[in-house]
Amino acid sequence: MFEHFVSFTEMTTHAIFSAFRPPVRIKESFQQLYFVANQSLIIIVFCVCFAAMVTILESSFHMRLVVQNDSMVPGFAAMLILRELGAVVTALLLTSRVGAGIAAEVGLMQTTEQIDALKMLGIDPVQYLVLPRLFACIFGGMILTIVADLVCIYSAMLVSDMYLGFSPAMFISGMRRFVHFKDLIFSVIKGASFGVVIPLVSCHFGFRCKSGAEGVGLATTNSVVTSSIVIIIIDFVLSYLFTHF
Amino acid sequence: MALAAINLSEVSISFEGNTVLHNVSLNVTEGESVAIIGPSGQGKSILLKLMAGLVPPTKGKVLVRGENLFEISGARRQKLINKIGMLFQKNALFDSLTCGENIAFPLREVTELSEKEIQKISEEFLAAVGIGHAKNLYPDEISGGMQKRLGIARALALHPELIFYDDPTAGLDPITSRKIIDLILHLKSKNTSTLIAVTNDMNRAYQLADRIWMVVDQQVIDAGTVEQTKQHKDPRIRQFISGEINGPLTSMAGGE
């Protein structure tokens, strides 16, 4: 555990310092951004749609049960979506979709000596592999979080119109009472923070991958589990900090 | 006196408390061909990676052309690295790139050549190793022998003066492995480079080497020239050459 922490810190520090020296790998970074955004978009849109629908139905059910009135549901659900649901669900899906892919790719490169081959060319593997993925996940995380927020709110609005009796105008009016622009900013900050975690943890496990199919499988599993845990912890810390604003 | 391409001075290396090599001191002179033989798991590939600067020694110094790769950085290190080529045991081909791109990649990364020149050079190298037709194929779409050839072409793309081959004929049939060794020797004579190769095939070692080393018991035995190796008195070298089941290497491996 301590050994993992030390090597993770070393790799992260190395990545930060190498970001300030050439070469800047713009092409690779945008290729990774395309991979992150394009390949995860549909699954994220699909999943957050249902997550938002469940959220608004459950909110209404609990409010009716406790206070016998669900008039505040649109605003309450919209705030929950923006401050929590959109960013976290997106990050967890990105972890399983992109993080697992990064860990497997880097792990396979490690076990097939491709990383040694990069070193033999004088290429810094952290700069070549980690930085473009870090850039892609930070910006991809922010973009996808905004998309997820919009999709969530739209699907929550549809469900509240069809099943809860709130027209879109009522939903938007309720939402405007509770939701502020800063909630969207918090959501984007969360998306970017989770975007930092996913590639760093995944590359860390990839670089430490043991040979064989079992080694790659273990690196992938460990990266997904660790990223998910770290995301949930960071979510708690950020949520706590944001309650003060 | 000939210049030392590589100098190992009292080098030891351990992994998680297990010593692989202990107090090894060796020299390779410029232009020489050295074959490294030895039983599996004794540290031949580690020795090669030590010399190539991929693994730092636990103790001692490894000098490549008089410079310690772990003590220099920036342009000086890059300049030295550019003079080293390596064929890895598993070829280490970039599987997301085509055969042509695998050769173009080091040229793009390290040189200032134009894209047109890079394409021309990569085509020339593919043709030189006899796989010109595979330019647009991916490494997993070609045979093992072709992958070795591609690995050799990539290792030589930057015209290195010091080349490491980690088991260049592993898993290949005798005819293909003979062709690969002929190709390596042809390219060596063309580029007048220093060559260090790990192999378990004695026929290939004899064909390839000016000098043979054997890695065994955490040590490297300099067995001398091909003729000297064939006449060597060390029972471990004799057993390895003859392939006898009974002998010191078998007992060392925990056999009968």
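Small disclaimer: the values here were computed from a predicted structure and weren't measured. The written sequence of each chain sets the order in which its residues are numbered from 1. As they are written, the chains are lettered A onward and the ligands numbered 1 onward, keeping that order. In keeping with the predicted nature of the model, local features appear solely for residues at pLDDT of at least 70, side-chain atom pairs appear and are counted solely at 80 or more, and the whole-chain, interface and lining totals rest on all residues. To obtain the side-chain values, all non-hydrogen atoms of the structure were used and water was disregarded.

## Some remarks on the interface of chain A and chain B
Contact criterion: two residues are considered in contact whenever any of their non-hydrogen atoms come within 4.5 Å of each other. Contacts between the two partners involve 15 residues from chain A, matched on the other side by 20 residues from chain B. A per-residue breakdown of the area chain A buries against chain B is headed by A:E113, A:M120 and A:L121, which together make up 44% of the total. In the sections that follow, a salt bridge refers to a side-chain nitrogen of Lys or Arg positioned within 4 Å of a carboxyl oxygen of Asp or Glu. Counting the contacts that link chain A with chain B gives three salt bridges. When the shortest N-O distance is used, the salt bridge between B:E109 and A:R25 registers 2.9 Å. Any N or O atom pair separated by 3.5 Å or less is treated as a polar contact, with the protein-specific requirement of one donor-capable and one acceptor-capable atom, and with residues adjacent in sequence counted only for side-chain atom pairs. Joining chain A to chain B, the criterion identifies eight residue pairs in polar contact (both at pLDDT 80 or more). Where helices and strands are cited, they refer to DSSP runs of H or I of at least four residues and of E of at least two residues respectively, numbered from the N terminus. Secondary structure elements with two or more residues in the side of chain A that touches chain B: α3 (73–111) and α4 (114–120) of chain A. For the side of chain A that touches chain B, the leading source of residues is α4(A), giving six residues. Take the accessible area each of two parts loses on contact, using a 1.4 Å probe, and add the two losses: that sum is the buried area.

## So, the nonpolar core
Residues and elements named next belong to chain B. Here, the term nonpolar core denotes a set of buried Ala, Val, Leu, Ile, Met, Phe, Trp, Tyr and Cys residues that are joined through side-chain atoms within 4.5 Å. Working definition: with a 1.4 Å probe on protein chains only, accessible area under 20% of the residue-type maximum means buried, over 50% means exposed, and in between means partly exposed. Counting 104 residues, the largest nonpolar core has I36, M51, F164 and I196 as its most contacted members. If near-sequence neighbours (up to four positions away) are discounted, F164 is found in contact with I6, L48, M51, A52, I84, G85, M86, L87 and I196. Judged by nonpolar contacts, the second largest core, of 31 residues, contains F125, V129, L156 and A197.

## Some points on α3(A)
Consider a residue and the seven residues that end there alongside the seven that start there; fitting an axis to each set, the bend is the angle between those axes. Largest kink in α3(A): about 50°, centred on A:I81. Two residues or fewer past α3(A), A:E113 is found with a positive phi of approximately 65°.

## Some details on the sheet that holds strand β2 (residues 18–29) of chain B
Residues and elements named next belong to chain B. The rule for pairing is simple: two strands pair if DSSP sees at least two bridges between them. Taken in spatial order, the three strands of this open sheet run β2-β1-β4, and their pairing is antiparallel. Taken across any chain shown, the strands that pair with only one partner, and hence form the sheet edges, are β2 and β4 (59–64). The sheet shows a mean angle of 15° between the axes of neighbouring strands, direction not considered. Lines fitted to C-alpha atoms define the axes here, with helix axes fitted over just the stretch in contact, and angles between the N-to-C directions of these axes take values from 0 to 180 degrees. Relative to strand β1 (residues 4–15), helix α1 (residues 44–51) is tilted by about 125°, and along the sheet it contacts β1, β2 and β4.

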